[in-house]
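Structural overview
Residue-level listing of the chains:
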Amino acid sequence: MTSFVADVLLTAGNLEKIELTEKITEIEKKITKLKDEVKEFMDDNYVEFVPRLKKDKAMVRDAEKLIDEMKILEKRVDEQMKLELSGSKKELQDLSDALHESHTSLQVSSCLLKLNDCIKSVEKLQQERRYIETAKTLHQMHIYLSDSSVNLQNLDIYTNLENEYVTLYSAFVTEITMKCQEFISWREEMQKNELTVTLTVENENREIQDIILASYYIDYLSRYLHAFTTNLLKHFINPIISQNCLVYVVQEKAFNVRIVNKTETPSDYKNVLYNLRLLFTFLNQHLNFDVAGKSFLARLRVYLLDDFSQVLIKNCIANTIPNSSSKLHSFHPVVEDINEFQDYLLQIGFISKDQCFLSDYTKDIDTLFINKICEGLLVRARDIMKKDLHDSILIEPEELSCDLSQNDLKLSRKLSEHTFQLPACKISKSAQEILQLGREILDETCKSTDECAIRLFYTSRNIFEMYAGLIPEYHKKLLETVPQQVALFHNNCMYLAHKLLTLTNEYEFKLLPILKKHNVTYADQTLMLRKVACEHFLNHMKIQRDIIFDILRKSALATMKQSPNLSQDTKRDVQQCLRQLDHLKAVWIDVLPENNYCRAIGHIANSMVEDLIAKITAVEDIPADLATDLVTLLNNVVQETPTIFPQPETVQRYIRTWRKLLELIIVLGASLAEIEKRWANSQGPLAHEFTADQVKRLIRALFQNTERRSALLMRIK
């Protein structure tokens with residue numbers, strides 16, 4: 001019985017295989033015939049472009065019928081392979097491969113026929129203004145041309161088909177672009193120096209909805225929305241938020257913005273929100289339609305929201321944040337107005353619930369409040385620091401009038417009335433303004449919340465630190481070239497450093513307890529300001545010293561080694577050095593504290609005297625005439641130099657080499673006996689200023705080689 005069943009099954013399987021083979025052979029012949037017809041048809045239409053009879057519809061029907069037959073055959077082959085024994089699988093596999101090859105060939109032919117059908121449909125649909133169907137058909141063409149399972153790219157005809165698609169696509173894009181411009185137009189008009197921009201939407205027959213949806217299906221909508229957003233921001237949103245403008249609607253289809261004054265900002269945030277609401281109401285009224293499951297405004301959001309939110313917050317909402325504690329309680333109605341506008345944007349679908357950027361911004365009012373205050377303070381400080389340094393004021397020591405008993409201090413000895421006093425000098429008015437700003441910040445700190453108090457205190461520190469960095473940068477050229485400017489900057493820094501030493505002590509009992517947990521001090525900034533003051537002033541002193549050195553280096557004094565005589569210009573050169581000192585006196589004496597002035601001018605004058613002495617003592621031969629000229633020259637220096645000091649008699653105190661200069665003048669005009677007397681066995685005034693080698697060198701340069709000179713040289717040790 002079992003053997004009989006097996007024989008029956010085997011016989012049935014063989015019959016099925018024979019029938020499948022015959023059927024596949026029959027279909028292959030039909031496919032081959034269809035391929036030839038399709039090739040001939042496509043070549044004529046897209047390669048040679050020879051007019052042919054329209055038999056493409058019949059070929060499409062044949063292709064579809066063959067595809068259905070192929071599906072049935074593939075199913076039968078798969079079922080038969082599952083039933084067959086291993087011995088006959090190869091034969092069925094060959095049948096399956098042949099069927100797959102035929103199927104692939106049929107797919108290519110069918111795809112070509114569908115492309116041809118799409119091309120003709122596009123032309124007809126465009127003529128009938130059926131924009132959505134046209135766009136969908138072009139989209140389907142793109143799918144057919146890029147289908148990797150069919151792989152039309154290997155066909156010779158592919159380039160022609162692709163060119164045909166590009167031509168149709170470009171023509172359709174041009175048409176819908178013109179239609180968009182016809183229905184949605186922008187116009188600028190200048191009248192009486194006022195620019196009016198108009199957005200007009202013609203949408204009575206709702207044809208614009210088809211145009212927009214068609215743009216979506218051909219992947220052109222993103223480009224259009226980007227351009228639309230650019231115009232909306234430039235001509236409407238930015239002017240409404242940042243400029244004085246008039247907004248109105250004409251005949252319900254034309255939205256107008258007339259810019260009255262570009263330089264003026266809107267007077268009130270309410271006007272801005274009201275005008276923006278008018279704009280979005282207009283857009284929602286005329287462009288409120290569905291675009292593939294999303295509203296037009298929802299699709300516009302992707303391109304507009306980021307820029308819109310930034311400019312609205314920065315140029316409008318941020319300006320509503322109060323800048324003082326007294327105004328903070330009145331901010332609640334402002335928040336309500338802002339949230340009401342946001343609710344409207346949510347209602348019309350421009351934003352979603354997770355994009356409520358306005359409420360996200362205003363929810364932490366304390367942080368916004370302190371950020372705005374600190375930002376405003378830094379801006380004020382920066383503006384003050386940019387003021388001219390030469391706008392100055394004289395400050396004098398204050399009378400010592402403080403009750404030390406309140407701090408339970410017991411003084412073991414009496415302090416001088418000038419202790420801890422800044423000496424009289426001139427400072428820039430801007431330095432006083434900076435200090436006053438620091439006091440205002442501390443006053444605000446005393447009545448703020450804990451978080452605000454900490455931020456405010458560190459903002460005050462930032463301002464003094466900024467002073468040390470911004471002034472040298474902003475006034476760099478003047479500080480390098482104008483002596484008065486650098487003197488004022490030096491005084492400013494010293495003045496601020498002096499005041500910062502006791503600033504926190506003044507507010508010790510007013511500051512909040514939270515600040516006592518922090519290092520509330522300006523001591524480190526005191527050191528920083530002093531360092532900056534000294535660095536810049538010393539650098540300028542070097543510049544002034546180098547100016548004098550440069551004058552002397554170019555004078556005849558520098559060439560006396562080679563030519564032991566002085567030209568007529570030498571006196572003029574030395575006089576120029578003295579005039580430079582007089583110039584420094586004129587610009588410094590009323591600015592710097594007296595002690596600082598004397599030390600500074602004395603240091604520069606001392607450098608000049610040292611250079612004069614060095615040049616003269618380096619000469620190996622000083623004839624009598626040259627010695628006489630040098631005495632005259634140096635006596636002029638001795639007469640004029642003391643006048644640069646408030647008390648001329650203090651010249652020796654600030655010019656260390658002054659006595660040396662006087663001794664040099666004496667030596668240049670003295671005899672050997674007088675020199676020996678002033679040397680006085682290394683105990684005289686000459687020995688206090690010059691070394692033995694220096695004196696010997698001068699004697700050899702001034703006197704000829706005689707026994708007396710030799711004897712004196714031997715005695716100088």
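Provided above is the structure to which this section pertains.
Residues numbered from 1 in each chain as written. Predicted model: local features only at pLDDT ≥ 70, side-chain atom pairs only at ≥ 80, totals over all residues. Heavy atoms only, no water.

It is the contact of helix H19 (residues 523–553) with helix H20 (residues 569–588), at a shortest axis distance of 8 Å, that shows an interaxial angle of 160°. Here H19 lies roughly antiparallel to H20, going by the angle between them. Classified by chirality, the crossing of H20 by H19 is right-handed. The segment H19 lies against H20, with Phe537, His540, Met541, Gln544, Ile547, Ile548, Ile551 and Leu552 engaging Asp573, Val574, Gln576, Cys577, Gln580, Leu581, Leu584 and Trp588. Taken together, the residues that form the contact of H19 with H20 break down as 11 nonpolar, 4 polar and 1 charged. (Axes fitted to C-alpha atoms, helices over the stretch in contact; angles between N-to-C directions. Helix = DSSP H or I, 4+ residues; strand = E, 2+ residues; numbered from the N terminus. Parallel < 35°, antiparallel > 145°, perpendicular 65-115°, else oblique. Left-handed = near helix turned anticlockwise from the far one by under 90°. Contact = heavy atoms within 4.5 Å. Nonpolar A, V, L, I, M, F, W, Y, C, P; charged D, E, K, R; others polar.)

Grouped together as the largest cluster of nonpolar side chains are 116 residues, with contacts concentrated most on Tyr467, Trp588, Met608 and Ile622. When neighbours within four sequence positions are excluded, Ile622 is seen to be in contact with Ile616, Ala627, Leu630, Leu668, Ala701 and Leu702. Ile157, Phe183, Phe255 and Cys316 belong to the second-largest nonpolar core, a separate cluster that totals 85 residues. (Core = buried A, V, L, I, M, F, W, Y, C linked by side-chain atoms within 4.5 Å. Buried < 20%, exposed > 50% of the residue type's maximum accessible area, 1.4 Å probe, protein only.)

This part takes up the sheet that holds strand E3 (residues 244–250). Taking strand neighbours across the sheet as the criterion, the 4 strands line up as E1-E2-E4-E3 in an open arrangement whose pairing is antiparallel. Each edge of the open sheet is held by one strand with a lone partner, namely strand E1 (184–191) and E3. Each neighbouring strand pair of the sheet contributes to a mean axis angle of 15°, computed without reference to strand direction. Those strands touched by helix H5 (residues 158–183) are E1 and strand E2 (194–201), and its axis lies near 50° from that of E1. Sitting on the sheet, helix H7 (residues 221–242) touches E1, E2, E3 and strand E4 (254–261), and the angle it makes with E1 is about 35°. (Pairing = 2+ DSSP bridges.)

Bringing helix H13 (residues 365–385) into the picture now. With 21 residues, H13 should cover 30 Å at 1.5 Å per step; its first-to-last C-alpha distance of 30 Å lies within 8% of that length. Taken residue by residue, H13 has Leu368, Phe369, Ile370, Ile373, Cys374, Leu377, Ala381, Ile384 and Met385 as its buried positions. Packed against the buried residues of H13 are helix H10 (325–328), helix H12 (357–362), helix H14 (429–446) and helix H15 (450–474). (Expected span 1.5 Å × (residues − 1).)

The next subject is unusual backbone geometry. Peptide bonds are mostly trans, and most non-glycine residues show a negative phi. Even without being a glycine, Lys192 presents a positive backbone phi close to 50°. Within the fold, Lys192 resides in the loop between E1 and E2. For Ala680, which is not glycine, the phi dihedral falls at a positive 50°. Along the chain, Ala680 turns up in the loop between helix H25 (672–679) and helix H26 (685–689).

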